There are 2 protein chains.
Amino acid sequence: MAREQGPMSGFRDMLAEQMIPRQAMLGTIQSVYEGYGFTPLKTPALERRSTLIGKYGEEGDKLMYDFEDNGGRMIALRYDHTVPLARVVAQHGGQLPTPYKRYVVGEVWRGESPQAGRYREFTQFDADTVGTKSPVADAEIVAMMSDSMEALGAESLIRVNNRRILDGVVEMAGAGSLEDGLRMINIIDKVEKIGRSGVRFQIEEKFGGAAADLVDSYLDIEGTSAQKLNQISKLLSGSATAEEGVENLAEVFKLIEAGGFGTDKVVFDQTIARGLDYYTGIVYETTLTGASSLGSVCSGGRFDNLVEAMGGPDTPAVGTSIGVDRLYDGLQQIGQLKEARTPTEVLVTNFEAASTPDYMRVAAGIRKLGLAAEIYYEDVKLGKQIKFADKMKIPFVVIIGPDEQAAGSAIIKTMESGEQLEVPVSELPATIMDLKDK
Amino acid sequence: MAREQGPMSGFRDMLAEQMIPRQAMLGTIQSVYEGYGFTPLKTPALERRSTLIGKYGEEGDKLMYDFEDNGGRMIALRYDHTVPLARVVAQHGGQLPTPYKRYVVGEVWRGESPQAGRYREFTQFDADTVGTKSPVADAEIVAMMSDSMEALGAESLIRVNNRRILDGVVEMAGAGSLEDGLRMINIIDKVEKIGRSGVRFQIEEKFGGAAADLVDSYLDIEGTSAQKLNQISKLLSGSATAEEGVENLAEVFKLIEAGGFGTDKVVFDQTIARGLDYYTGIVYETTLTGASSLGSVCSGGRFDNLVEAMGGPDTPAVGTSIGVDRLYDGLQQIGQLKEARTPTEVLVTNFEAASTPDYMRVAAGIRKLGLAAEIYYEDVKLGKQIKFADKMKIPFVVIIGPDEQAAGSAIIKTMESGEQLEVPVSELPATIMDLKDK
């Protein structure tokens, strides 16, 4: 292999500097999800091509990594986590609890044109509740997303809507076909990009002035979440569909407020639609305060028809998906990534090769207290070893030279302050622990 | 998708029952590895075919999942973690610390014939120290494996040898070519399978009586690790190669004993060779007490020429690889898997839909103390909800009926004992915490 050959275009190696904060981030999300009782699932990276093909539209079929294996089977790499979920629900249904709350974190592969921030292998962290229409499940997913962002040290705002409300607008505006309805929703969804005048222009052009007026009135609505829902209920009072959406959100807001999530964290926003066609109820997006230009870092909604459409049994579901790479970028922007180059907290320096058994003993003692320790392998000059600790941002260095060895002691150097402390070897681990807790 | 279509042959879904203990196991290994200062690395699942092909012998080329992507590039799925490591060292060398201590856990794919316990997608958990010949690095890997097994609750025995000692046997026995030498080592390696008489027969047939006598003397050696090394040193005193191996192991045993690893945990065993041709120094295998029939659950050794042979720069290295699936089976056999169907510790039952905001409040309060809580979504009969908790092995159930609601209290039912306790809602989380700690 030539030296210039790194990973392929669109693929990445993640070295310790990326992996350490990334693992901390994923661990935090996992523990919040588990705090809500979601259970882990792992499905294979490879599926039958027939399981995946045709499930993601023309674009998806084109971007999918699919091929014939050596046994002549047509196989494909995982494209998202939703179709594998549908397959699992179809196959293991009887074995799964009802409702089935599962989370999954793993790579998906799409042959996109590589460009800044877009990769052919990326990670999605999904959670879905399958098998209930309860608004408690909706509220829980929203609460869980808010808790996740808080646990990551980020202030976030979740904007919530319900597709039934948008369906009500479509209904009242008289956009006839399903296709026309989706087109109208997609125009409303673009309001942040194209502005109110852009929305007005596109709606009017396609659906006429009366429809544009209705959409204008819809987008004009302002106030608190409760006030807005109230006004929408009046504006769309002719539509039972819209009323369903309003009722769902009223219930959801009651639940999440009871859970302690105020209007600084979760708000109703009638412009949120989510591009995907498959949502049937609540939909939401999440932006990080201080990194809102990145767009939504996690989003989702209710998709009561999708599991069946994806080949599973007729099953309601609501879920969320975190774009792990984008969230990582967002946390980096707001300075909430736990940066580190190594897990090592203590470097035991190597004064002379003959004393390495002592260093092993000392390192083992330090590890017994749960601190990460490594020994410098070669007995090179001490300055070089200290430099290594500095470069790797290892907070403590232990030095046991001939004097210390004779005295049964060790020197602890705190790298940040440069302070040195000599203690009996037997007290070394506990002393470092104390210094660390300071 | 037809209902009968599960994952493809050789692939598996892992449901919560498998995933929860598996994640706990992987987390334990990870924290032990990090305790030794190993840093995480992630490489793509897909590599250029040219990077992987020809690196694993004929068999490897045949079993590799390789194909042409939509852009006409020949690509292949990761076959192990060592070749990607060599690529990373070749590419990011200047950016990496020296020595580079990295761990990696991830799937690899091989198109093996599916059979019991053999999968086409499986997980390897590797750790390697790249860039040093120090025996401290050798000793550390052995110590880390022993610590990992202990942290997992397993008694283990690590049997250690050095390929230089086996090379010395080959040298003294006069097996001329490299190929003959490897053949001789492979025969010795099989002693557990074919017995001493089998080894004698095969060596004599291929290399003659004198060689068979030497191997017999070699295998006859008994005693403590130190005694055996001493005798081997005498037996192979004509071979400088063997002496190198003996010296390395003497040093390694001194170091691991200093680290607190006694002869009950790590022993010298002159029969250990590891099948792979690429080892150049220390080699080791690990068996679990009570599950030794599974064979080695983690093994490895020094491979000073491999990184270069794999396309990287000339770099010494020593490493270990845990077969995650086999280790899982082993821990299951000895009853050390933490079994669970859900992370949920508290089920908040649903007495009536109108009170769900109260349940949200209660669940949020419980989560604040770090306990995992979920709400039963539907207000079905209480008996059904309790049955669900029982089936899912959720340890505590919270019941807030109309009486409790009026009194501002809640009932905690401890599922194992059936005991019920009524407490003020404000004291609910702390009381559950106390009950849990009992």
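Being a predicted model, the structure only gives us computed values, none of them experimental.

### What to know about the interface of chain A and chain B
1) Next: Between chain A and chain B, the residue contacts involve 98 residues of the former and 98 residues of the latter.
2) Next: Summed over both sides, the interface of chain A with chain B buries roughly 8,300 Å², with 59% coming from carbon and sulfur.
3) Next: At the boundary of chain A with chain B, the tally comes to six salt bridges.
4) Next: Across the salt bridge formed by Arg87 of chain A and Asp13 of chain B, the nearest N and O atoms sit 2.7 Å from each other.
5) Next: The interface formed by chain A and chain B holds 29 residue pairs in polar contact (both at pLDDT 80 or more) in total.
6) Next: Of the residues assigned to the side of chain A that touches chain B, the class counts are 49 nonpolar, 23 polar and 26 charged.

### Overview of the confidence of the model for chain A
1) Next: Confidence along chain A averages 93 in pLDDT terms, with 98% of residues attaining 70 or more.
2) Next: Across the predicted assembly, pTM comes out at 0.94 and ipTM at 0.93.

### Looking at the domain arrangement of chain A
1) Next: Domain boundaries assigned for chain A yield domain 1 (16-43 + 78-333) and domain 2 (346-437).
2) Next: Put simply, the middle of domain 1 of chain A and the middle of domain 2 of chain A, counted by C-alpha atoms, are 51 Å apart.

### With respect to the sheet that holds strand 6 (residues 121-130) of chain B
Residue and element names in this part refer to chain B.
1) Next: Spatial strand order, 1-5-6-11-10-9-7-8: eight strands in an open sheet with mixed pairing. Edge positions in the sheet fall to strand 1 (39-40) and strand 8 (266-268), since each of these pairs with one other strand and no more.
2) Next: Here five bridges tie strand 10 (residues 298-302) to strand 11 (residues 317-323), and the two strands are oriented antiparallel to one another. Bridge pairing in strand 11 links Cys298 to Ile322.

### Things to note about empty space enclosed by the protein
1) Next: Overall, the coordinates contain 10 cavities of 30 Å³ or more when judged by the stated rule.
2) Next: Counting residues per element, the ones that place at least two in the lining of the largest cavity are strand 5 (100-109) of chain A together with strand 13 (373-375) of chain B.
3) Next: The class makeup of the residues in the lining of the largest cavity is eight nonpolar, three polar and two charged.

### Some remarks on the relation of the copies chain A and chain B
1) Next: If you rotate chain A by 180° and push it 0.0 Å along the axis, it lands on chain B with an RMSD of 0.1 Å. The relationship between the two copies is best expressed as a two-fold rotation axis. Of the C-alpha atoms belonging to chain A, the one lying closest to the rotation axis is found on Phe67 of chain A, 3.2 Å away.
2) Next: Interface overlap between copies: 100% of the residues of chain A at the interface are likewise at the interface in chain B, consistent with a symmetric, same-surface contact.

### Describing unusual backbone geometry
All names here are of chain A.
1) Next: For the peptide bond that leads from Thr98 to Pro99, omega is -10°, which places it in the cis range.
2) Next: Mapped onto the elements, Pro99 comes out in the loop between helix 4 (82-92) and strand 5.
3) Next: Positive phi, normally seen in glycine, also occurs at Lys393, with a value near 55°.
4) Next: Relative to the helices and strands, Lys393 is located in the loop between helix 15 (382-391) and strand 14 (396-399).

### Points about helix 15 (residues 382-391) of chain B
Structurally, the α-helix is built with 3.6 residues per turn, so residues lying three or four positions apart point the same way.
All names here are of chain B.
1) Next: Within the sequence span of helix 15, burial applies to Gln385, Ile386, Phe388 and Ala389. Seen from one end, helix 15 has its buried residues packed into an arc of 155°, which puts them on one side. In helix 15, the exposed positions angled more than 90 degrees off the buried face are occupied by Lys384, Lys387 and Asp390.
2) Next: Next to the buried residues of helix 15 lie strand 12 (346-348), strand 13, strand 14 (396-399) and strand 15 (409-414).
3) Next: In the segment just after helix 15, Lys393 is the residue with positive phi, at about 55°.

### A look at the pairing of strand 7 (residues 156-162) of chain B
Moving residue by residue along a regular strand, the side chains alternate between the two faces of the sheet.
Residues and elements named next belong to chain B.
1) Next: Most of strand 7 sits out of view: six of its seven residues are buried.
2) Next: Pairing of strand 7 with strand 9 (residues 282-288) involves seven bridges; the strand directions are antiparallel. Residue pairing across strands places Val160 opposite Tyr284, the latter belonging to strand 9.
3) Next: Examined bridge by bridge, strand 7 and strand 8 share three bridges and lie parallel to one another. Bridging from a neighbouring strand, Val160 pairs with Phe268 of strand 8.

About the criteria used
Residues numbered from 1 in each chain as written. Chains lettered and ligands numbered in written order. Predicted model: local features only at pLDDT ≥ 70, side-chain atom pairs only at ≥ 80, totals over all residues. Heavy atoms only, no water. Contact = heavy atoms within 4.5 Å. Buried area = accessible area lost by both parts, 1.4 Å probe. Salt bridge = Lys/Arg side-chain N within 4 Å of Asp/Glu carboxyl O. Polar contact = N/O pair within 3.5 Å; in protein donor to acceptor, adjacent residues only side chain to side chain. Nonpolar A, V, L, I, M, F, W, Y, C, P; charged D, E, K, R; others polar. pLDDT = per-residue confidence, 0-100. Domains from an automatic or database assignment. Pairing = 2+ DSSP bridges. Helix = DSSP H or I, 4+ residues; strand = E, 2+ residues; numbered from the N terminus. 1 Å grid on protein atoms, 1.4 Å probe; cavity = no way out; pocket = protein on both sides within 12 Å on 5 of 7 lines; lining within 4 Å. Points joined across faces, edges and corners; volume = space filled by probe spheres on them. Least-squares fit on C-alpha atoms with pLDDT ≥ 70 in both. Buried < 20%, exposed > 50% of the residue type's maximum accessible area, 1.4 Å probe, protein only. Arc of directions from axis to C-beta.

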